[in-house]
Amino acid sequence: MWKYLIEKEFKQFFRDPMLPRIVIVFPIIMMLVFPFAANMEVRNINLVVVDNDRTDMSSELIEKCTESGYFRLKKICSDPREAQRMMDRNTVDAILTIGQGFGKSAVTGDGFPVGIKVNTVNGTKGSIGSQYLSNCVMLFMQSRAGADVASAAGASGAVIDAAPKYYYNPYMDYKVFMVPALIVIAVTMVTGFFPALNIVGEKEAGTIEQLNVSPVSKTAFIVCKMIPYWVITFFMVGMCLLIAWLAFGYVCKGSLWGVFLFTVLHIMVTAGLGLLISNYSDNAQQAMFIMMFFVLIFMLMSGVFTPVSSMPEWARVITYANPLRYYADAMRSIFLKGSSIADVWYDAAGLLAIGGLALTWAITSYRKTS
Amino acid sequence: MENAIEIHGLTKKFGNFTAVDNISFTVRTGEIFGFLGANGAGKTTAMRILCGLSIPTAGGGTVAGFDIVREPEKIKKHIGYMSQKFSLYPDLKVWENIRLFGGIYGLSGKEISDKTAAILSRLGMEDVRDAFVASLPLGWKQKLSFSIAMIHDPRIVFLDEPTGGVDPETRRRFWELIYEATSGGVTVFVTTHYMDEAEYCDRVSVMVDGRIEALDSPDALKRRYGVNDMDAVFRVLAGRAVREE
């Protein structure tokens, strides 16, 4: 009986005008477009400089800032009000004010009359921009003062040189960080929505009744609905890994078995949830909206975009019920750090618990008899 | 021989609404039993209970010898069901639908291919074996649907308005299939609102507002109400309805 039901699901999947194409196109777009487009690195910060000093020193500082590649110099002016107007009109993001006597004080070492003003309407851009800018100024001061500062520092005590060393992602490349997360998102979207819409589709067409009046067991029905999505998802994950390797040269540091094991567990959760929702909805719209609701919350609260550890206490507690938290964490650990399955056993345990619950609930709530 | 269906005091309520109101009847093995009633009289609800798709609020009975409340899954092995909403898979081909339902009812691969050949030749549909069911005319779909409902040789077959929306000639041919089936001993339980079809039945019941108002052979009913055809019988009885559609 199982054989025939699985056969049916596969035939229907491949005959659907949309689904096979989505499965091919979706991972490609996820892997090739998002790492470039949805990027947390801040570049192209528009800068205006108010230079009241007009010495070699000040123009050297300006050059230092612009050659970093993060800033785009819009204008050098001498009227601070003009610079402020430019910021008000949103043509610049940051103002660097170089006070009079900058060149002189650089020589005497009296501290530098430099001001930084940043537009923080876009919080991320603002705060990162001001950091970059002050880094530039600091570096300039250090290189300038050179021996003077070193001797002065020697007199005032020890110089603490805190140079962080980055592990696992040495260049702090946002793309490396996002690739496993994008796989997580692609898998969640496909396995969450497809099974839900599938069952609701059978409800709408009335074909589900023909099965309900037959001796098909509930478990057979649900599991046979899930198996095709397992196969499809493996294909999709394989494709994502291949694209990551071809396009970015990223390879999974840990074992692929680990990736696939966690994917199996995660599908159990999302497909179980999808089936569960479809049991309680009468039409595709309902199922879509409810699924959308959950998937959005899962994603935003999963640590995929923002770290779980920086969430407030109450939010962190909620994330323990979020399957995506475990899957994203495991995928990143395996992909970036090369963790073994034993290293991330708690993620497996979390997924297994939530998945078991969702699937059992889906099977028990599916009623052949109303 | 025992009765195919025995029902007593069957009631189904949805909230305050009583869809089926304390009905009792028996269907003899091998007969064609017509289950008539206006739209909204409760026919489909009652039929869904008999098929194990719905649990009654009160009352009970047996279908094919199994209890409708306690053993619905056992009933499902021995009945065929054709719903008024056409329910084969439109995106599967004709032979694939036959194969799927054959497989679901536990037929072996060999039985399935034998059945497929037999069904296609009986319906004269060998040429459309590889056509998608969605592309077939309604009359063909209904005949195919009926044959698939019979694929596991059930003891009872339930037909819920099987001939809705097709012309009289197609309907007549459909009934030939039903007669062929009963000659093999199967019990047919059929709902319809075509009164010419009611004449084909061995016995009919007429449901009004969730209750069975009359149950007898078509001839006996016509005599009782002093009219010439089932149409008139139906109008007399259905005229008593209080409930709106």
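Caption draft 1: How the structure looks around the overall build of chain B. The number of helices and strands found in chain B is nine helices and ten strands. Relative to the compact-globule value of 18 Å for 245 residues, chain B shows a C-alpha radius of gyration of 18 Å, a close match. Oriented by its inertia axes, the alpha-carbon framework of chain B measures out at about 50 × 40 × 35 Å. In chain B, which comprises 245 residues, the proportion classed as buried is 45%. Within chain B, counting contacts between residues at least 6 apart in sequence, those at least 24 apart form 67% of the total.

Caption draft 2: Representation of the packing of helix H3 (residues 94–104) of chain B against helix H4 (residues 109–123) of chain B. Residue and element names in this part refer to chain B. Contact geometry for H3 and H4: axes closest at 10 Å, N-to-C directions at 135 degrees. When the axis of H3 is compared with that of H4, the two are oblique. The hand of the H3/H4 crossing is right-handed. Across the interface between the two elements, Trp-95, Ile-98, Arg-99, Gly-102 and Gly-103 from H3 touch Glu-111, Ile-112, Lys-115, Thr-116 and Ile-119 from H4. Among the residues making up the contact of H3 with H4, the classes are represented as four nonpolar, three polar and three charged.

Caption draft 3: Fine view of the domain arrangement of chain A. According to the domain assignment, chain A contains domain 1 (2–38 + 171–365) and domain 2 (45–155). A straight line from the C-alpha centre of domain 1 of chain A to that of domain 2 of chain A covers 48 Å.

Caption draft 4: Broad picture of the pairing of strand S7 (residues 156–160) of chain B. Residue and element names in this part refer to chain B. Buried residues dominate S7, accounting for five of its five residues. Burial along S7 is two-sided: the residues Ile-156, Phe-158 and Asp-160 and Val-157 and Leu-159 are all buried. The sheet contact formed by strand S6 (residues 79–82) and S7 spans four bridges and is parallel. If you follow Met-82 over to S7, its bridge partner there is Leu-159.

Caption draft 5: Examining the sheet that holds S6(B) more closely. Residue and element names in this part refer to chain B. Spatial ordering of the open sheet is given by S6-S7-S8-S3-S9-S10, a layout of six strands whose pairing is mixed. Looking at which strands have only one partner, the edges of the open sheet turn out to be S6 and strand S10 (211–216). Neighbouring strand axes in the sheet, compared pairwise and without regard to direction, differ in orientation by 15 degrees on average. Across the face of the sheet, helix H5 (residues 138–149) comes into contact with S6 and S7 while running at roughly 160 degrees to S6. Lying on the sheet, helix H9 (residues 230–238) is in contact with strand S3 (32–37), strand S9 (203–208) and S10; it crosses S9 at an angle near 30 degrees.

Caption draft 6: Structural view of the environment of Leu182(A). All names here are of chain A. Structurally, Leu-182 is set in helix H8 (residues 174–205). Judged by the 23 C-beta atoms lying within 10 Å of it, Leu-182 falls in the buried class. As a C-alpha pair, Leu-182 and Ser-333 span 151 residues in sequence and 14 Å in three-dimensional space. The contacts of Leu-182, once residues within four sequence positions are left out, are Met-30, Met-31 and Phe-34.

Caption draft 7: Expanded view of the environment of Phe260(A). Position of Phe260(A) relative to the elements: it lies in helix H11 (residues 256–280). Separated by 26 residues in the primary sequence, Phe260(A) and Phe234(A) place their C-alpha atoms 7.3 Å from one another.

Caption draft 8: How the structure looks around the nonpolar core. One finds Val184(A), Met331(A), Ile156(B), Val157(B), Phe158(B) and Val188(B) to be the most contacted residues of the largest nonpolar core, which totals 131 residues. With residues near it in sequence (within four places) discarded, Ile156(B) still touches Ala4(B), Ile5(B), Val63(B), Ala64(B), His78(B), Ile79(B), Val186(B), Thr187(B) and Phe189(B). Judged by nonpolar contacts, the second largest core, of 21 residues, contains Ile45(A), Val49(A), Val92(A) and Ile95(A).

Caption draft 9: Representation of unusual backbone geometry in the model. Residues and elements named next belong to chain B. A positive phi angle is found at Glu-161, which is not glycine, with a value near 45 degrees. Along the polypeptide, Glu-161 turns up in the loop between S7 and helix H6 (168–183). A positive phi angle, close to 50 degrees, is found at Asp-209, a residue other than glycine. Structurally, Asp-209 can be placed in the loop between S9 and S10.

Caption draft 10: H3(B), seen in detail. Residues and elements named next belong to chain B. Taken across its eleven residues, H3 has ten buried, putting it largely inside the fold. The complete set of buried residues in H3 reads Val-94, Glu-96, Asn-97, Ile-98, Arg-99, Leu-100, Phe-101, Gly-102, Gly-103 and Ile-104. Just beyond H3, the residue with positive phi is Gly-106, at close to 80 degrees.

Caption draft 11: Representation of the sheet that holds strand S4 (residues 58–63) of chain B. Residue and element names in this part refer to chain B. Strand order in the open sheet formed by four strands is S2-S1-S4-S5, and the pairing between neighbours is antiparallel. Of all strands in the sheet, those bounded by a partner on one side alone are strand S2 (17–27) and strand S5 (66–67). Strands strand S1 (5–14), S2 and S4 of the sheet are contacted by helix H1 (residues 43–50), whose axis makes an angle of about 120 degrees with S1.

Caption draft 12: Spatial organisation of the confidence of the model for chain A. All names here are of chain A. Per-chain confidence: chain A averages 82 in pLDDT, with 89% of residues scoring 70 or above. In the model of chain A, helix H7 (residues 123–156) stands out as the element of lowest mean pLDDT, 66, in contrast to helix H1 (residues 2–15), which has the highest, 91. In this model residues 149–160 is a low-confidence stretch, pLDDT under 50, and it forms three contacts with partners more than four residues away in sequence or in other chains.

Caption draft 13: Representation of the interface of chain B and chain A within the structure. In this complex, chain B contributes 23 residues to the contact, which on the side of chain A involves 18 residues. Of all the secondary-structure elements, those providing two or more residues to the side of chain B that touches chain A are helix H2 (72–78) and H3 of chain B. Residue contributions to the side of chain B that touches chain A peak at five residues, all from H3(B). Among the residues forming the side of chain B that touches chain A, the class breakdown is ten nonpolar, six polar and seven charged.

Caption draft 14: Fine view of H6(B). Residues and elements named next belong to chain B. If you check H6, its first and last C-alpha atoms are 23 Å apart, about what 16 residues at 1.5 Å a residue would give, namely 22 Å. Arg-171, Ile-178 and Ala-181 are the residues of H6 that are buried. Here the buried residues of H6 occupy an arc of 65 degrees about the axis, which is enough to place them on one side. Exposed residues pointing more than 90 degrees away from the buried face of H6 are listed as Glu-169, Glu-176, Tyr-179, Glu-180 and Ser-183.

Caption draft 15: Fine view of the packing of H11(A) against helix H12 (residues 284–300) of chain A. All names here are of chain A. At a closest axis distance of 9 Å, the pairing of H11 and H12 adopts a crossing angle of 140 degrees. Between H11 and H12, the angle falls in the class oblique. For H11 against H12, the interelement crossing comes out right-handed. Judged by residue contacts, Leu-273, Gly-274, Ile-277 and Ser-278 of H11 engage Ala-287, Ile-290, Met-291 and Phe-294 from H12. Here the residues of the contact of H11 with H12 are counted per class, giving six nonpolar, two polar and no charged.

About the thresholds
- Residues numbered from 1 in each chain as written.
- Chains lettered and ligands numbered in written order.
- Predicted model: local features only at pLDDT ≥ 70, side-chain atom pairs only at ≥ 80, totals over all residues.
- Helix = DSSP H or I, 4+ residues; strand = E, 2+ residues; numbered from the N terminus.
- Rg over C-alpha atoms; globule rule 2.2 N^0.38 Å.
- Buried ≥ 20, exposed ≤ 12 C-beta atoms within 10 Å, placed from the backbone.
- Contact = placed C-beta atoms within 7 Å.
- Axes fitted to C-alpha atoms, helices over the stretch in contact; angles between N-to-C directions.
- Parallel < 35°, antiparallel > 145°, perpendicular 65-115°, else oblique.
- Left-handed = near helix turned anticlockwise from the far one by under 90°.
- Nonpolar A, V, L, I, M, F, W, Y, C, P; charged D, E, K, R; others polar.
- Domains from an automatic or database assignment.
- Pairing = 2+ DSSP bridges.
- Core = buried A, V, L, I, M, F, W, Y, C linked by C-beta atoms within 7 Å.
- pLDDT = per-residue confidence, 0-100.
- Expected span 1.5 Å × (residues − 1).
- Arc of directions from axis to C-beta.

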